[in-house]
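Remarks on the overall topology
Residue strings, one per chain:
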Amino acid sequence: MDSSTSTSATDARKTEASAKSQETLTVTDNRTGKSYELPITHGTIRAADLRKIKVNDADFGMMSYDPAFNNTASCISRVTYIDGDAGILRYRGYPIEDLAEKSTYLETAYLLLNGELPNAEQLKDWTYHITHHTFIHESIKKFLDGFHYDAHPMGMLISTIAALSTYYHDSKDIFSKESRQKQTYRLIGKMPTIAAFSYRHSLGMPFVYPDNELSYPGNFLNMLFRTTETRYRANPTLEHALDVLFILHADDEQNCSANTIRGVGSSHVDPYSATAAAIAALYGPLHGGANEEVVRMLMEIGSVQKVPDFIKRVKAGETKLMGFGHRVYKNYDPRARIIKKVAYEVFDLMGKNPLLEIALECERIALEDDYFVKRKLYPNVDFYTGLIYQSMGFPTTMFPVLFAIPRTSGWIAQWEEMLLDPEQKIARPRQIYLGEDTRHYVPIDQRR
Ligand code: CMC
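Residues numbered from 1 in each chain as written. Predicted model: local features only at pLDDT ≥ 70, side-chain atom pairs only at ≥ 80, totals over all residues. Heavy atoms only, no water.

Looking at the overall build of the protein chain
Per the secondary structure count, the protein chain includes 18 helices and 5 strands. Over its C-alpha atoms the protein chain spans a radius of gyration of 25 Å, differing by no more than 12% from the 22 Å that the globule rule assigns to 448 residues. When each of the 448 residues of the protein chain is scored for burial, the buried share is 47%. Excluding contacts between residues fewer than 6 apart, the proportion of contacts in the protein chain whose partners are at least 24 apart in sequence is 69%. Surface summary for the protein chain: the accessible area is close to 23,500 Å², and the carbon and sulfur share equals 53%. Between the mean site of the 51 positive side-chain charges and the mean site of the 56 negative ones, the protein chain shows a separation of 4 Å. (Helix = DSSP H or I, 4+ residues; strand = E, 2+ residues; numbered from the N terminus. Rg over C-alpha atoms; globule rule 2.2 N^0.38 Å. Buried < 20%, exposed > 50% of the residue type's maximum accessible area, 1.4 Å probe, protein only. Contact = heavy atoms within 4.5 Å. Areas by Shrake-Rupley, 256 points an atom, 1.4 Å probe, with all protein chains shown as cover. Lys, Arg positive; Asp, Glu negative; His and termini not counted. Charge placed at Lys NZ, Arg CZ, Asp CG, Glu CD.)

Focus on helix α6 (residues 153-164)
With 12 residues, α6 should reach 16 Å at 1.5 Å per residue; the first-to-last C-alpha distance of 16 Å fits that figure. Burial of α6 is extensive: 9 of the 12 residues sit out of reach of the surface. Contacts made by the buried residues of α6 are with α5 (138-145), α7 (177-203), α11 (271-283) and α18 (399-420). (Expected span 1.5 Å × (residues − 1).)

Looking at the environment of H148
Mapped onto the elements of the fold, H148 is located in the loop between α5 and α6. On the accessibility criterion, H148 (52% relative accessible area) is exposed. In sequence terms H148 and N331 are 183 residues apart; their C-alpha atoms lie 42 Å from each other.

Some details on the site of the ligand
Taken together, 21 residues form the shell around the ligand, and within it L286, H287, K320, L321 and R327 come nearest. Contact between the ligand and L286: a nitrogen atom at 2.8 Å from a main-chain N or O atom of the residue. R327 places a side-chain nitrogen or oxygen 2.7 Å from an oxygen atom of the ligand. Bound to the protein, the ligand loses 72% of the 930 Å² it would expose on its own. (Near = heavy atom within 4 Å. Polar contact = N/O pair within 3.5 Å; in protein donor to acceptor, adjacent residues only side chain to side chain.)

Overview of the layout of surface pockets
Approximately 350 Å³ is the volume attributed to the second largest pocket. The wall of the second largest pocket is formed by 15 residues, among which L113, N114, K177, E416 and L420 lie closest to the centre. Of all the elements in the fold, those that place two or more residues in the lining of the second largest pocket are α3 (105-114), α7 and α18. Its residues assigned to classes, the lining of the second largest pocket shows 5 nonpolar, 4 polar and 6 charged. (1 Å grid on protein atoms, 1.4 Å probe; cavity = no way out; pocket = protein on both sides within 12 Å on 5 of 7 lines; lining within 4 Å. Points joined across faces, edges and corners; volume = space filled by probe spheres on them. Nonpolar A, V, L, I, M, F, W, Y, C, P; charged D, E, K, R; others polar.)

Regarding α7
Over its 27 residues, α7 runs 40 Å from end to end, which matches the ideal 39 Å to within 8%, given 1.5 Å per residue. A maximum bend of about 35° is found in α7 at K190, where proline P192 lies one to four positions downstream. Most of α7 is tucked away: 21 of the 27 residues are buried. The first or second residue beyond α7 is G204, which carries a positive phi of 70°. (Bend = angle between axes of the 7 residues up to and from the residue.)

Some words on the pairing of strand β3 (residues 80-83)
Of the two faces of β3, only one is covered, namely that formed by T80 and I82; the face formed by Y81 and D83 stays uncovered. Two strands pair when backbone bridges link them, and β3 and strand β4 (residues 88-91) are joined in this way by 4 bridges, in the antiparallel orientation. The residue of β4 that forms the bridge with T80 is Y91. Where β3 hands over to β4, the hairpin turn is made up of 4 residues, of which G87 adopts a positive phi near 70°. (Pairing = 2+ DSSP bridges.)

Thoughts on the pattern of salt bridges
Side-chain pairs of opposite charge can arise whenever the charged atoms involved come near each other. Going through the model one piece at a time under the given rule, you end up with 20 salt bridges. Between D170 and R186 there is a salt bridge, and its shortest N-O distance comes to 3.3 Å. Here D170 is found in the loop between α6 and α7, whereas its partner R186 is found in helix α7, with 16 residues between them in sequence. Since its relative accessible area comes to 10%, R186 is described here as buried. (Salt bridge = Lys/Arg side-chain N within 4 Å of Asp/Glu carboxyl O.)

Considering the packing of aromatic side chains
Counted according to the given criterion, the structure contains 22 aromatic pairs. Note on Y344 and F347: the rings are 6.2 Å apart at their centroids and 80° apart in plane angle, and the pair reads as edge-to-face. Linking Y344 with F347, this pair stays in helix α14 (residues 334-350), spanning 3 residues, or about one helical turn. When its relative accessible area of 5% is taken as the criterion, F347 is described as buried. An aromatic cluster of three or more residues is present, and its members are Y199, F225, Y389, F394 and F399. If you follow R51 out to its NZ or CZ, it ends over the ring of F60, 3.9 Å from the centre. Its guanidinium or amino end placed over the ring of Y371, R375 lies 3.8 Å from that ring's centre, counting from NZ or CZ. (Phe/Tyr/Trp six-rings, centres within 6.5 Å; stacked < 30°, edge-to-face > 60°. Lys NZ or Arg CZ within 6 Å of the ring centre and 35° of its normal.)

Here's the deal with the nonpolar core
In this structure, F220 and L321 are the most contacted members of the largest nonpolar core, which totals 111 residues. Here this core gets 12 residues from one element, more than from any other, and that element is α18. Contact partners of F220, with chain neighbours within four places excluded, come to P192, A195, A196, L242, F246, M398, L402 and I405. (Core = buried A, V, L, I, M, F, W, Y, C linked by side-chain atoms within 4.5 Å.)

As for the packing of α6 against α11
When two helices pack together, their arrangement is given by the angle between the helix axes and by the axis-to-axis distance. Their axes nearest at 7 Å, the elements α6 and α11 cross at an angle of 165°. Overall, the two elements α6 and α11 adopt an arrangement that is roughly antiparallel. Two packed elements cross with a definite hand, and for α6 against α11 that hand is left-handed. Of the residues in α11, those in contact with M154, G155, L157, I158, I161, A162 and L164 of α6 are Y272, T275, A276, I279, A280, L282 and Y283. (Axes fitted to C-alpha atoms, helices over the stretch in contact; angles between N-to-C directions. Parallel < 35°, antiparallel > 145°, perpendicular 65-115°, else oblique. Left-handed = near helix turned anticlockwise from the far one by under 90°.)

Quick word on the environment of Q390
Along the polypeptide, Q390 turns up in helix α17 (residues 382-391). Looking at Q390, the relative accessible area reads 26%, which means it is partly exposed. Residues Q390 and I247, spaced 143 residues apart in sequence, show a C-alpha to C-alpha distance of 19 Å. In this structure, Q390 is in contact with V295, M299, N353, L355 and F399, ignoring residues within four places of it in sequence.

Shape is all these values report; function is a separate question.
What follows is the structure in structure tokens.
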């Protein structure tokens, strides 16, 4: 591009921006008859501007009420873009389909955190640092040993990640770039180790230490499944499938756990405590715990013949079709499409998961049924992942853990963006108080 083209493109952008900055919304308050002009930026009004709308000087001013943030932007972000109606997901502008096909999880994590794809030198350096932060302190093993044999691995992961804050006191220095970088290496490096150790603990098997010669997913599979081999080499199809699944789970813009890490991190707590809170948010069955619930649901349905009855129960509001629906995607979740392809690659190797037919029948009926069509309910990322994980030999309780490992890069990217945004402050929503007015304390012997 020559400089004149570039200048005119810049001018055009400036003109467009200035025209946009003049966009306003006029609101008339019918209580007072007064009109207010509110600026519109990026198709959004600032909730704080509503405070000008008052009945009188003593009035606190208008607020907006938006339980569960259905229509409220809580931040400006440059990390992940979703167009829910068009079924688009992009990390830093790159379509998820391209990343799933051409990238690796570690490269994608670098992209999410740094805003750009790494060059060869940067990727080498990044991989080196992550790989050299996979070991955990020996006393963390004792900590893990303290859990009951049937402890859920997500509970173990939440607690152990929180416990890392007691080891790394430098992590409190959240406004130091070097400190944030170090904690990022540690979090992304240690997450698979702690996840794998939790799994081995539940089996009563000895822990397998990280192997620096292996890829990120290859090493994880080694720590999970190695028994007597001197060197464990994962099947390349499974290693690749896991890497693709990690890419697909790396971020999902302002979901429940991203909002959690931003909210908890806004108190300026260390990143281990904030990440533990995000894992806790992910654990819920409406979020990352859904992959576990999908498999339980398919087992409960039991056979293809019983699917119509189950769908009837869903439509009657007795239960949910787990793995369906999404707050933002109102079209086929683009991740679910890629996952379905990965599923067949894994099934070709490991044999078809017997629950697949039931899942396909649920999907077939739901995509044609008015209840789901009207509500724009499509399979989400969790609908097929459980079947893949099960075929790969993971127990159901490990499914949400397999979501948490890659989401760590997205969480840290969201956390760091929040910390460095001068407009962000400690998260503190307003409320509409509808409780009792002042009451006078009644001594216990006078209470009825
Ligand atoms: N099965 C049956 N009905 C559903 C489902 C479902 N899975 N999901 C939503 N609906 C209905 C819901 O009852 C409501 O109906 P009505 O308008 O008659 O009240 C309507 O669809 C809109 O749903 P909503 O609950 O207002 O939607 P939401 O945006 O608040 O919730 C959701 C999104 C993902 C929590 C929800 O769809 C759900 O519970 N799905 C099942 C759990 C699941 O698969 N979660 C994984 C989400 S994707 C991965 C992740 O990021 O965690």
